[in-house]
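Fold and geometry: a report
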Amino acid sequence: MSLLFDHLEPLELAEHLTYLEYRSFSKILFQDYHSFVTHGCTVDNPVLERFISLFNSVSQWVQLMILSKPTAPQRALVITHFVHVAEKLLQLQNFNTLMAVVGGLSHSSISRLKETHSHVSPETVKLWEHLTELVTATGNYSNYRRRLAACVGFRFPILGVHLKDLVALQLALPDWLDPARTRLNGAKMKQLFSILEELAMVTSLRPPVQANPDLLSLLTVSLDQYQTEDELYQLSLQREPRSKSSPTSPTSCTPPPRAPVLEEWTSAAKPKLDQALFVEHIEKMVESVFRNFDVDGDGHISQEEFQIIRGNFPYLSAFGDLDQNQDGCISREEMVSYFLRSSSMLGGRMGFVHNFHESNSLRPVACRHCKALILGIYKQGLKCRACGVTCHKQCKDRLSVECRRRAQSMSLEGSVPSPSPTHTHHRAFSFSLPRRRSSRPPEIREEEVQTLEDGVFDIHL
Amino acid sequence: MMDQDFLFKFLVIGSAGTGKSCLLHQFIENKFKQDSNHTIGVEFGSRVVNVGGKTVKLQIWDTAGQERFRSVTRSYYRGAAGALLVYDITSRETYNSLAAWLTDARTLASPNIVVILCGNKKDLDPEREVTFLEASRFAQENELMFLETSALTGENVEEAFLKCARTILNKIDSGELDPERMGSGIQYGDASLRQLRQPRSAQAVAPQPCGC
């Protein structure tokens, strides 16, 4: 079995996703449902939180895998691949993961990619429409409920839907029929029972899947990646920028969303994973990689072999040197530290998404999108912390230049003398690269590099 | 559904624990209890109201504790005409995430969606963390209507839904909203009405002056 996601058969991927979600699901106890229903949300409920965040991770991962491909036909291939994964999930009667994959594929950051979708074959589109129709929220998920009721053997219901039923039921009907609390509300109890019975059924039947532990550990790390929805949407805009002439929505007469609304966007779609757990996942994955690639067992793999594995993580930034001691091979420690550094969990960012902040500049700067000057004297434009690209606030969503960290070219360009007075304090650091600071904790290092790159770029302005 | 003039799809959105389901429950209690024999009703909640001489069926969709399942909740938005955007006046956190919810509603449902901001749990005034003034300023800046509600006492709950429905009707009358357009979240309740309106729909096909 291949460890590369791109080479996996849809069924293999569907089975492994099912295995992971099932494992997480079987940890949920009755108390967790009870706590969720009485609070109406998750309060001190780490098991359920973890399950929900895994669900959201699958959606995000699907989007990332699509958006990480640079050309429309390539992206269409990934979409097709995931539609087939979804089909296999339906065959496995795993509706929960099916919902997560369909949710990812129908997310606005993917559905707005018109060019990409034009490369998807009509058969795939038809299959896709069938699958979305099945899990649509219309009629309170009546299509899904019918299908689920007809299932025999192992089935994995969409937990979100059944949690909603539990919450709704709790609010709609009282526990007791009279104020003196002598008569129990039988109708409510009956309905509660049928929902909980459905959920309990899942744990009593094992999914008909087998999983490769090494592939699981790789998948786990992929699903740990954390991005905000805004970052994903930005990436989508970079892949296929909005065209000025033909607005995407038919309701073009409204003003575009104002800047404050977008900047205040702080929604955390899923809680950040516990750092210790994340490190554990990475260590486990590195063990798996070495078990499969280090055939002679000397504790090292070659750069080429590593590049193959890295193909699973196309959205990670190429950050710094992997081979820290320059001996041509990669040890376990080097690989763990590479993933810790480049992973978005610890404050890193996706490789190609800009990290914009409002910038002040004393001299006029041109916008990379419209090429016009950015006018004004205070917070007049946006500037990417990582690559230094500048643009108008209103051009941000149309900018098609990918973020390229300047770590590699800095040492060559660093000596250009044209200091700008506002950034003198950064420049004290800016000529030595942080290549050999492995003793520092990773999060601090990431922070410094960003500041550094910021400073270096300013010299070129 | 043939005895009403319009059908509007409404959403109740906002952070978890703000009392969205309670608001909805307060509004459609009677209907809800009758329907609860089969699995929580096929439409999560609906009620026929009379607004300005017109009978309107409000079909209200609630996320009920699903807020964290992002891709599930997103599918709710499609084709909604109105939304109650709910925060909890005793929790600043729920207030702070309003902008994100609003962006969701406008990008996923429609930029024209009519939104009313509801500061819920008005009955817990001593524990208040968000002032009326602050929230009404936010509402003004984002062109929202605003009310403080209490799902517990029922204060302003009815008003919130009716105010939202009334605004949608006004927008239909002024031509700002076109029920004939797909995804407007508005349907005619009656085939004869549709015919009555035919001249206007023909007009709507012609390019309209753009307001931006």
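For every chain, the first residue of the written sequence is number 1, and numbering continues from 1 along that sequence. For this description, chains carry letters from A and ligands carry numbers from 1, given in the order in which they are written. Given that this is a predicted model, residues contribute local features only at a pLDDT of at least 70 and side-chain atom pairs are listed and counted only at 80 or more, while totals for whole chains, interfaces and linings are drawn from all residues. For the side-chain quantities, the full set of heavy atoms in the structure was used; hydrogens and water were omitted.

What tends to happen in soluble globular proteins is that the nonpolar side chains get buried as a cluster. Formed by 124 residues in total, the largest nonpolar core has its most connected members in Phe82, Leu98 and Met335 of chain A. Per-element tally for this core: the top contributor is helix H3 (residues 46-67) of chain A, with 12 residues. Two domains each provide a minimum of three residues to this core, namely domain 1 (5-226) and domain 2 (275-345) of chain A. Contacts were defined at the residue level, with two residues in contact if any of their heavy atoms lie within 4.5 Å. Not counting the four nearest positions on each side in its chain, Leu98 of chain A is found in contact with Ala86, Leu89, Leu90, Leu131, Leu134 and Val135 of chain A. Among buried residues, the Ala, Val, Leu, Ile, Met, Phe, Trp, Tyr and Cys ones that are joined through side-chain atoms within 4.5 Å form a nonpolar core. A simple rule labels every residue: compare its accessible area, found with a 1.4 Å probe on the protein chains alone, to the largest value its type can have, and call it buried under 20%, exposed over 50%, or partly exposed in between. Phe10, Leu23, Leu147 and Tyr188 of chain B belong to the second-largest nonpolar core, a separate cluster that totals 34 residues. Secondary structure elements are taken from DSSP: a helix is a run of H or I of four residues or more, a strand is a run of E of two residues or more, and numbering for both begins at the N terminus. Domain start and end points were adopted from an automatic or database domain assignment.

Residues and elements named next belong to chain B. The pLDDT value expresses, per residue, how confident the predictor is, ranging between 0 and 100. Residues at a pLDDT of 70 or more form 78% of chain B, whose mean pLDDT is 80. Taken element by element, the predicted model of chain B shows its lowest mean pLDDT in helix H8 (residues 198-205) (40) and its highest in strand E6 (residues 145-148) (96). Contacts for the low-pLDDT stretch residues 34-38, under 50 throughout, to residues beyond four places or in other chains number five contacts. Across residues 191-212, confidence stays below pLDDT 50; counting only partners more than four residues off in sequence or on other chains, it has 18 contacts. Here the prediction assigns the complex a pTM of 0.73, and the interface score ipTM is 0.75.

As a further point, take helix H1 (residues 10-25) of chain A. Taking 1.5 Å of rise per residue, 16 residues should cover 22 Å, and H1 of chain A covers 22 Å from first to last C-alpha, within 8% of that figure. Where burial is concerned, most of H1 of chain A is hidden: 13 out of the 16 residues are buried. One fewer than the residue count of a helix, multiplied by 1.5 Å, yields its expected span.

Before going further, it helps to examine the packing of helix H4 (residues 72-91) of chain A against helix H8 (residues 122-135) of chain A. All names here are of chain A. Between H4 and H8, whose axes approach to 10 Å, the crossing angle comes to 45 degrees. By the angle between their axes, H4 is oblique relative to H8. Seen from above, H4 lies across H8 with left-handed handedness. Of the residues in H8, those in contact with Thr80, Val83, His84, Ala86, Glu87 and Leu90 of H4 are Thr124, Leu127, Trp128, His130, Leu131 and Leu134. With axes taken as lines fitted to C-alpha atoms, and helix axes fitted only over the stretch in contact, angles between N-to-C directions fall between 0 and 180 degrees. Under this scheme an angle from 65 to 115 degrees is roughly perpendicular, one under 35 degrees roughly parallel, and one over 145 degrees roughly antiparallel; angles in between are oblique. For a crossing to be left-handed, the near helix must be turned anticlockwise from the far one by less than a right angle; the clockwise case is right-handed.

Every other side chain in a regular strand lies on the same face of the sheet, so the side chains alternate between the two faces. Residue and element names in this part refer to chain B. Counting buried positions along strand E1 (residues 6-13) yields eight of eight residues, so the element is predominantly enclosed. Burial of E1 is two-sided: the residues Phe6, Phe8, Phe10 and Val12 facing one way and the residues Leu7, Lys9, Leu11 and Ile13 facing the other way are all buried. Here seven bridges tie E1 to strand E3 (residues 54-62), and the two strands are oriented parallel to one another. Residue Phe10 lies in a different strand from E3, and its bridge partner there is Ile60. At least two bridges found by DSSP between two strands are what make those strands a pair.

Further remarks concern the confidence of the model for chain A. For chain A, mean pLDDT is 76; residues scoring 70 or higher make up 74% of the total. In the model, residues 245-271 of chain A has pLDDT below 50 throughout and makes 49 contacts with residues more than four positions away in sequence or in other chains.

What follows concerns the environment of Glu123 of chain A. Counting through the fold element by element, Glu123 of chain A comes out in helix H8. In this structure, the C-alpha to C-alpha distance between Glu123 of chain A and Thr80 of chain A, residues 43 residues apart in sequence, is 9.8 Å.

Here we come to the pattern of salt bridges. Every case where a carboxyl oxygen of Asp or Glu lies within 4 Å of a side-chain nitrogen of Lys or Arg is listed as a salt bridge. Across all of its chains, the model carries 18 salt bridges over all chains by this definition. For Glu49 of chain A, the salt bridge identified is with Arg68 of chain B, shortest N-O distance 3.6 Å. On the criterion of chain membership, the pair formed by Glu49 of chain A in helix H3 and Arg68 of chain B in the loop between E3 and helix H2 (70-74) is interchain, its members lying in two chains. Two residues, Lys188 of chain A and Asp175 of chain A, come together in a salt bridge whose shortest N-O distance is 2.7 Å. Of the two residues, Lys188 of chain A is situated in helix H11 (residues 186-204) and Asp175 of chain A in the loop between helix H10 (159-172) and H11; the sequence distance between them amounts to 13 residues. A relative accessible area of 33% means that Asp175 of chain A is categorised as partly exposed. Among the charged side chains, a network of salt bridges with common partners joins Asp125, Arg128 and Glu148 of chain B.

Residue and element names in this part refer to chain A. Contact pair H1 / H4: the axes reach a minimum separation of 8 Å and the direction vectors enclose 60 degrees. As summarised for this structure, H1 and H4 are arranged oblique, according to the angle between their axes. Relative to H4, the crossing made by H1 is right-handed. Judged by residue contacts, Pro10, Leu11, Leu13, Ala14, Leu17 and Thr18 of H1 engage His81, Phe82, His84, Val85, Lys88 and Leu89 from H4. In terms of residue class, the contact of H1 with H4 is built from eight nonpolar, three polar and one charged. Side-chain classes follow a simple rule in which Ala, Val, Leu, Ile, Met, Phe, Trp, Tyr, Cys and Pro form the nonpolar group, Asp, Glu, Lys and Arg form the charged group, and the remainder, Gly included, forms the polar group.

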